[in-house]
Amino acid sequence: MNGLTTHWPMLPVLLPLLAGIVLLMLRNRSLALQRGVSLVATLALFPLAIALMQTAGDGTQLVYKLGNWDAPFGIVLVVDRLAAWMLMATALVALFALLHAGQGTDTEGRYFHVLYQLQLFGLNGAFLTGDLFNLFVFFEILLLASYGLLLHGGGRLRVKAGLHFVVINLAGSTLFLFAVGTLYGVTGTLNMADLAVKLTRTPPGNLALVETAGLLLFAVFALKAALLPFHLWLPAAYAHTSASVAALFAIMTKVGAYSILRVYSLMFGDAAGPVAHLLDAWLAPLALATLTLGMFGVVASTTLRQQTAYLVVASIGSLLLAFGLGTRDAIAAGLYYLPHSTFAAAALFLLADSISRARGEFADRFEPGFAMPGARVLGGLFFVLAVALAGLPPLSGFLGKFMLLRAALDSPLLPWVWGVVLVTGLAGMIALARSGSLLFYRTLGAHDATPAPTAPTWAALASVAGLLLLLIGMVIWAGPLSGYASATAAQLLQPHLYIGAVLGTTP
């Protein structure tokens, strides 16, 4: 690359940051102007993600040196296949969630669009950073923005969920600092590529410290991803915030999953010497337990938004199970499943908002209510999303789970993987069928109560339809997408490529 294209890796971070600053200056101006600036900045992330995916698609790893300082002394941003994949998923979810927010969510406070752009700043930075301390910094940025977004609009339940969210994540941030400080004290570096080199030479006297720091990092990333037993904050937080924010948060939990995959394939993988395979005994069993418990929550939920939140927990179990198996095919299955689960959960959060408005006083509770306006359209969208989330053919959820089951054929966990994935899939299908029946079929007749229901508008459903089209597109282009995911998995399993690109040497 040359000229302006040299700075492309910086743009996914710089663009939302500058947009957030501009929006802060425009906070007293018209909402239409703020919406326009926010939409343009968010929309621009999509072609940028495409360009970065195309550049990284041939195996190129772009390293951007801030201040032109060489690693490991300077801060670097790294674009490889995995980072570009995550940037694309984030850009798409953020765009449709923002379009939905324009239907009224952003009127509930003055700083919605500022916080939204800062959230994207933190998300994109976390996917691109090449060192652990700046991963911590970007975690804090996206979490600070998420605190404000979660509480946007107020309300008792929202404040209660937000308090739990803040306290738990602050505890996680403290552990993150302990882990980072320990690794720096032992190795003298926080650049992930340099750490990967130095950890292979860990002396026996420091082995316990390094393993403790590695497991502390895992606990932090598991908390961000809502992996059992650190999942309790998610259902209340996602169920009680606004639909647009919950849709954006569907990608936020993936930051924890991404961090687990990035850090442990690079720093604790096959070539890590005495600290290799640090998570082998932990990740897959915890993922199976998370999938099981998440599906129990799906079955026991009393509202559609709560059920969707538990579906997010269950999807994290499936995703980290794939990463926990550790093979190329399993990681590829997880990478294909990641955008599917994100798009589907985001779409159901947005649809639940329209269903709640259409049911009036019954909102999205699973109890018979009055017939709602637009029931055929809402019911049709719910049916397609239920098929996607239950992992039924022909949508992308089926393909992702099929890839996972096939990848488990050579694993010693084969009976557990097949048993848990198939049984929880059946339970999810039954739970979603029950939900659809209660919402759309068991009605009380004409509506004559207050407050009057609000018929869904096409503008409100446009984002849901857009996310559904993405799921359909994942089926139509399943070959190229799964091929990209497989190439990404292969690249991750060759950490020397990342190390050589960042440090400029072959370890």
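Described below are features of the structure shown in this document. (Residues numbered from 1 in each chain as written. Predicted model: local features only at pLDDT ≥ 70, side-chain atom pairs only at ≥ 80, totals over all residues. Heavy atoms only, no water.)

### As for the packing of aromatic side chains
The full count for this structure, using the stated rule, is 19 aromatic pairs. Judged by centre distance (5.7 Å) and plane angle (50°), the ring pair of Phe382 and Phe440 falls under tilted. With Phe382 in helix α14 (residues 375-390) and Phe440 in helix α16 (residues 414-440), this pair connects stretches of sequence that are 58 residues apart. With respect to class, Phe382 is no different from Phe440; both count as buried. Among the aromatic residues, those joined into a ring-pair cluster are Tyr147, Phe165, Trp233, Tyr238, Phe249 and Phe349. (Phe/Tyr/Trp six-rings, centres within 6.5 Å; stacked < 30°, edge-to-face > 60°. Helix = DSSP H or I, 4+ residues; strand = E, 2+ residues; numbered from the N terminus. Buried < 20%, exposed > 50% of the residue type's maximum accessible area, 1.4 Å probe, protein only.)

### Concerning helix α10 (residues 243-266)
Between its first and last C-alpha atoms α10 spans 36 Å; for 24 residues at 1.5 Å apiece the expected length is 34 Å, and the two agree. Along α10, the largest kink reaches about 30° and is centred on Phe249. Here α10 lies mainly inside the structure; 24 of its 24 residues are buried. (Expected span 1.5 Å × (residues − 1). Bend = angle between axes of the 7 residues up to and from the residue.)

### Some remarks on the nonpolar core
Judged by nonpolar contacts, the single largest core of 180 residues is most densely connected at Leu132, Phe221, Tyr238, Tyr264, Met267, Leu320 and Leu351. Ranked by residues supplied to this core, first place goes to helix α13 (residues 328-358) with 20 residues. Those residues in contact with Met267 that sit more than four places away from it in its chain are Leu132, Leu183, Met192, Leu195, Ala196, Leu199, Ala272 and Val275. (Core = buried A, V, L, I, M, F, W, Y, C linked by side-chain atoms within 4.5 Å. Contact = heavy atoms within 4.5 Å.)

### What to know about empty space enclosed by the protein
In the structure shown here, the tally under the stated rule is five cavities of 30 Å³ or more. Size it by volume and the largest cavity reaches roughly 100 Å³. Leu291, Met295, Leu311, Ala314, Ser315, Ser318, Tyr337, His340, Ser341, Leu389 and Lys401 together form the lining of the largest cavity. Looking at the lining of the largest cavity, the elements that each hand over two or more residues are α11 (283-300), α12 (304-325) and α13. Ranked by the residues each element gives to the lining of the largest cavity, the list is headed by α12, at four residues. Looking at side-chain class alone, the lining of the largest cavity contains six nonpolar, four polar and one charged residues. (1 Å grid on protein atoms, 1.4 Å probe; cavity = no way out; pocket = protein on both sides within 12 Å on 5 of 7 lines; lining within 4 Å. Points joined across faces, edges and corners; volume = space filled by probe spheres on them. Nonpolar A, V, L, I, M, F, W, Y, C, P; charged D, E, K, R; others polar.)

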